2 protein chains.
Amino acid sequence: MTILVATSGASAPTWRSALASRLPQDAVVTALEPGQDATVDYAVVWHQEPGLLNALPELKAVFSLGAGVDHVLSDPTLPDVPIVRIVSDDLTGRMSEYIVWRVLDHLRQGRAYRDLEAAARWEDLPQPAAHALRVGILGLGELGRDAAAKLRVLGFKVSGWSRTPRRLEGVEVHSGRDGLAACLAQSDIVVVLLPLTHETRGLIDAAFLGGMKRRTPLGGPVLINAGRGGLQKDADILAALESGLLMEASLDVFEEEPLPPTSPLWRHPRCFVTPHIAAASDPDVLSALIADQITRHRAGGALTGLVDRSAGY
Amino acid sequence: MTILVATSGASAPTWRSALASRLPQDAVVTALEPGQDATVDYAVVWHQEPGLLNALPELKAVFSLGAGVDHVLSDPTLPDVPIVRIVSDDLTGRMSEYIVWRVLDHLRQGRAYRDLEAAARWEDLPQPAAHALRVGILGLGELGRDAAAKLRVLGFKVSGWSRTPRRLEGVEVHSGRDGLAACLAQSDIVVVLLPLTHETRGLIDAAFLGGMKRRTPLGGPVLINAGRGGLQKDADILAALESGLLMEASLDVFEEEPLPPTSPLWRHPRCFVTPHIAAASDPDVLSALIADQITRHRAGGALTGLVDRSAGY
């Protein structure tokens, strides 16, 4: 049979060869020859062309090349087959590296110390300890739960917000709309790891930012978004930085990606911009997971990491 | 009785009032009135004046305002009373914050991404995961063990080096001189948390740096020193950065502190300089620990955190 790799961007050949080496009986292709449509039983996608998957009559499942699936579900003609997201210790670990890195850089005043260093000034700043701060994590899926556990080990108090009520050891969990307000109001640093759905699109707007804690041990509140750019309104974040509502931000995702060179976020001194690299998928590791799932599914086994299409994640 | 606070720097009044509020029956002073010498039973010190403590006939113990005691022991006339170092979860936690912050900033290529950000360039870099790197921790006291445990939680492989053999779960521990060479040769990032003793002074020299791993998943090896400046030769570190033996460094301590504004380390693009702030003591927290020890010791109890003067820490 045929595995179709459909990704935007330049990575398709890398994924094709990583998958081909693990599925030697299959044709792994990045484009279909005429008549090959009916031989595709699995598709591995990242921002696939709308309509592409609907033209595959034998399609059994679609694998997203990432933890998020908004880029898959945005196709209005998406066929009714299982959608599978990546759940991988490698991916989860990388995301937590990014979150802990950014939280600690804000806690330990990296920006201020880099400025002092540039001026060759030996001067210490008042320094709260981790245990004096509360980090609020929005989104308590695989990624949010792992980040919460690691931040707790470093001594931070941790709150969380999820769509539906949850229990999580040592984490003050809020849920629902009222829960969001409570979580924002008590968190010194807010970390966003939500999926992009019709409920969360544009969530980080002026009202959200205005609901963040005013005074924190660091001076003001900090926002870290490593979820999806569609969760935020870039202009509202910029305005909150300008007005002082927001003290600092670390953003890995943006409404438009690549972030246009003209965006003022690039140059705002209290906003750290990274190019959607928080948890870059490792083709070797993730291809092995996908190939295992395909092999198991063909043998009648169940897929893991299935997406709830009505919830959108 | 009288508690003498003897610190270099401007912090003496802060420590005096923090201790006085917890020991209301005592005179807590930063300088002695004539004739007051014989009333001092405890001294709380940081780089005290040589000879000062030897002039106190009733002195029962000396408390160092930090985890290190080299600054106490450097007084050749130091009287034969117990020397106590700070062992505090607050201090230990702060040091681990610093170590994890610096390790993650090197792992996640903070310098390169800040350069890309300054140029408004959207470009991702090859990124190894934490589990592909080994961090070698020199010094496995309270601080080194805590940092090791927290780095392991983040996925790093961890090695360690201590003067005497040790067992530590999940950590490949080396000891002795040969052990140091083995530890350096296998570590992608080397973290120094050693005490400053006659055995460790000047340890981080050209030979040490030349013994570090050549090729690492990040390109070259990284050095993080948050122990004492006397452990290192600033000029040898600079030369290793220039020659490429050392890819990057984070230094919180220096041979001369404050680091002179003329030091090229301030401006070296691959060296991050902080002004000895890795684990700044919190006067409130540490004063409570010292006051508890004094109260307990006067009642006949034992002191904890005693220094082995022959080992030098």
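Note that the structure is predicted; figures quoted are calculated from it, not measured.

The rules behind the values
- Residues numbered from 1 in each chain as written.
- Chains lettered and ligands numbered in written order.
- Predicted model: local features only at pLDDT ≥ 70, side-chain atom pairs only at ≥ 80, totals over all residues.
- Heavy atoms only, no water.
- Helix = DSSP H or I, 4+ residues; strand = E, 2+ residues; numbered from the N terminus.
- Axes fitted to C-alpha atoms, helices over the stretch in contact; angles between N-to-C directions.
- Parallel < 35°, antiparallel > 145°, perpendicular 65-115°, else oblique.
- Left-handed = near helix turned anticlockwise from the far one by under 90°.
- Contact = heavy atoms within 4.5 Å.
- Nonpolar A, V, L, I, M, F, W, Y, C, P; charged D, E, K, R; others polar.
- Domains from an automatic or database assignment.
- Buried area = accessible area lost by both parts, 1.4 Å probe.
- Salt bridge = Lys/Arg side-chain N within 4 Å of Asp/Glu carboxyl O.
- Polar contact = N/O pair within 3.5 Å; in protein donor to acceptor, adjacent residues only side chain to side chain.
- Buried < 20%, exposed > 50% of the residue type's maximum accessible area, 1.4 Å probe, protein only.
- Pairing = 2+ DSSP bridges.
- Right-handed = clockwise from strand over helix to strand, strands pointing away.

(A) Expanded view of unusual backbone geometry. Note that the residue after Glu 257 of chain A, namely Pro 258 of chain A, is joined by a cis bond; omega there is -5°. Checked against the element boundaries, Pro 258 of chain A lands in the loop between β11 (248-251) and β12 (271-273). Although it is not a glycine, His 47 of chain B sits at a positive phi angle of roughly 55°. Within the secondary structure, His 47 of chain B sits in the loop between β3 (40-46) and β4 (61-64). Positioned with a positive phi, Ala 120 of chain B is a non-glycine residue whose angle comes to about 55°. Relative to the elements of secondary structure, Ala 120 of chain B occurs in the loop between α4 (110-118) and β6 (134-138).

(B) Local environment of the packing of helix α3 (residues 89-107) of chain A against helix α5 (residues 142-153) of chain A. Residue and element names in this part refer to chain A. Viewed as axis vectors pointing N to C, α3 and α5 meet at an angle of 50°, and their least axial separation amounts to 9 Å. In terms of axis orientation, α3 runs oblique to α5. The two elements α3 and α5 meet at a crossing, and its hand is right-handed. Contacts between α3 and α5 involve Thr 92, Gly 93, Met 95, Ser 96, Ile 99, Val 100 and Val 103 from the former and Glu 142, Leu 143, Asp 146, Ala 147, Lys 150 and Leu 151 from the latter. When the residues that make up the contact of α3 with α5 are grouped by side-chain class, the tally is 7 nonpolar, 3 polar and 3 charged.

(C) Spotlight on the domain arrangement of chain A. All names here are of chain A. The domain boundaries assigned to chain A delineate domain 1 (2-86 + 281-298) and domain 2 (89-273). With 10 residues of domain 1 at the interface, the matching set in domain 2 holds 6 residues. Between domain 1 and domain 2, roughly 620 Å² of surface is buried when both sides are summed, and carbon and sulfur atoms account for 60% of that area. With a closest N to O distance of 3.6 Å, Arg 94 and Asp 282 form a salt bridge. Where domain 1 touches domain 2, the interface holds 1 residue pair in polar contact (both at pLDDT 80 or more). Residue classes in the side of domain 1 that touches domain 2 are distributed as 4 nonpolar, 4 polar and 2 charged.

(D) Structural detail: the pairing of strand β10 (residues 222-225) of chain A. Residues and elements named next belong to chain A. Side chains Val 222 and Ile 224 of β10 all project onto a buried face; the interleaved residues Leu 223 and Asn 225 project onto the opposite face, where all are buried too. The pairing of strand β9 (residues 189-192) with β10 spans 4 bridges and is parallel. Counted as the bridge partner of Ile 189 is Val 222 from β10. Of the strand pairs in this sheet, β10 and β11 are connected by 4 bridges, and their pairing is parallel. Bridged to Val 222 within β11 is Glu 248. On the question of chirality, the crossover connecting β10 to the parallel β11 by way of helix α8 (residues 234-243) is right-handed.

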